[in-house]
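Working through the structure, step by step
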Amino acid sequence: MTAPTTLGNDLLRSAARLSRWASRHASFDVPFAQARLLALLDELGPSRVSTLAAADHSSQPTITTQLQRLEASGWVHRASDPDDARATVISLSAEGHAALESVRRARLAVLSPALDQLDGPALDRVRVAIDVMNELLSAAADAPVPHPTRKDG
């Protein structure tokens, strides 16, 4: 493996492990799959089911089932798509934002004791790492991303 490949794999693995660890140890009432979909809606904004399915690498029926659960909880709204009256867009409701924030607070609560154990220089490195990750996300958002392992492209 090349150095950038190894570095990229290490970065993705560490970020995913930290996220899974926080979710596994946190106590929240929102099922994880629904919390993930709430976070996706928060990131993407109002979206069609097909957009959410593609972004989550899920089928439309799977996303539709999850959205029905979110809707039953009052966490999302459906509205006509302004670009196509035959379609609908899904958006977070105020209750959905609140549910997502409760999940985020619970995950932070389990991570905070570990952060509290870090000294000043280590916290500075964490801040720098966050800045670099945000730069990577911005650069990735601007670059076309091939999906060589996906069947649709």
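On a predicted model such as this, the values are computed, not experimentally measured, just so you know. (Residues numbered from 1 in each chain as written. Predicted model: local features only at pLDDT ≥ 70, side-chain atom pairs only at ≥ 80, totals over all residues. Heavy atoms only, no water.)

**Observations concerning the environment of Phe32**
Structurally, the position occupied by Phe32 is in helix H2 (residues 32-44). The class of Phe32 is partly exposed, set by a relative accessible area of 45%. Each C-alpha atom of the pair Phe32 and Val103 lies 9.2 Å from the other, and the pair is 71 residues apart in sequence. (Helix = DSSP H or I, 4+ residues; strand = E, 2+ residues; numbered from the N terminus. Buried < 20%, exposed > 50% of the residue type's maximum accessible area, 1.4 Å probe, protein only.)

**Things to note about the packing of H2 against helix H5 (residues 94-116)**
In a pair of packed helices, the angle between the axes and the distance between the axes together describe the arrangement. Look at H2 against H5: their axes get within 10 Å of each other, and the N-to-C directions meet at 115 degrees. Here H2 is positioned roughly perpendicular relative to H5, judged by the angle of their axes. Crossing of H2 against H5: the hand is left-handed. Note on element contacts: H5 touches H2 through Gly96, His97, Ala99, Leu100, Val103 and Arg104, opposite Ala35, Leu38, Ala39 and Asp42. (Axes fitted to C-alpha atoms, helices over the stretch in contact; angles between N-to-C directions. Parallel < 35°, antiparallel > 145°, perpendicular 65-115°, else oblique. Left-handed = near helix turned anticlockwise from the far one by under 90°. Contact = heavy atoms within 4.5 Å.)

**Considering helix H4 (residues 60-72)**
With 13 residues, H4 extends 18 Å from end C-alpha to end C-alpha; this agrees with the ideal 18 Å at 1.5 Å per step. For H4, the secondary structure elements touched by its buried residues are H2, helix H3 (49-56), strand E1 (76-81) and strand E2 (84-92). (Expected span 1.5 Å × (residues − 1).)

**Re the pairing of E1**
In this structure, E1 lies alongside E2, joined through 6 bridges in antiparallel fashion. Within the sheet, the bridge partner assigned to Arg78 lies in E2 and is Ile90. Between E1 and E2, which follow one another and run antiparallel, lie 2 residues. (Pairing = 2+ DSSP bridges.)

**A look at the UniProt feature "domain: HTH marR-type" (unreviewed entry) in the protein**
The UniProt record marks residues 4-138 with the feature "domain: HTH marR-type" (unreviewed entry), using the residue numbering of this structure. A distance of 18 Å separates the end C-alpha atoms of residues 4-138, which is 73% helix and 11% strand. (UniProt positions renumbered as here; feature names shortened; annotations may be inferred.)

**Focus on the pattern of salt bridges**
Here the structure, examined in full by the defined rule, presents 9 salt bridges. Arg127 is the salt-bridge partner of Asp124, the closest N and O atoms lying 3.0 Å from each other. Here Asp124 pairs with Arg127, and both are found in helix H6 (residues 120-142), just 3 residues apart, close to one helical turn. Residue classification places Asp124 among the partly exposed residues on the basis of a relative accessible area of 45%. (Salt bridge = Lys/Arg side-chain N within 4 Å of Asp/Glu carboxyl O.)

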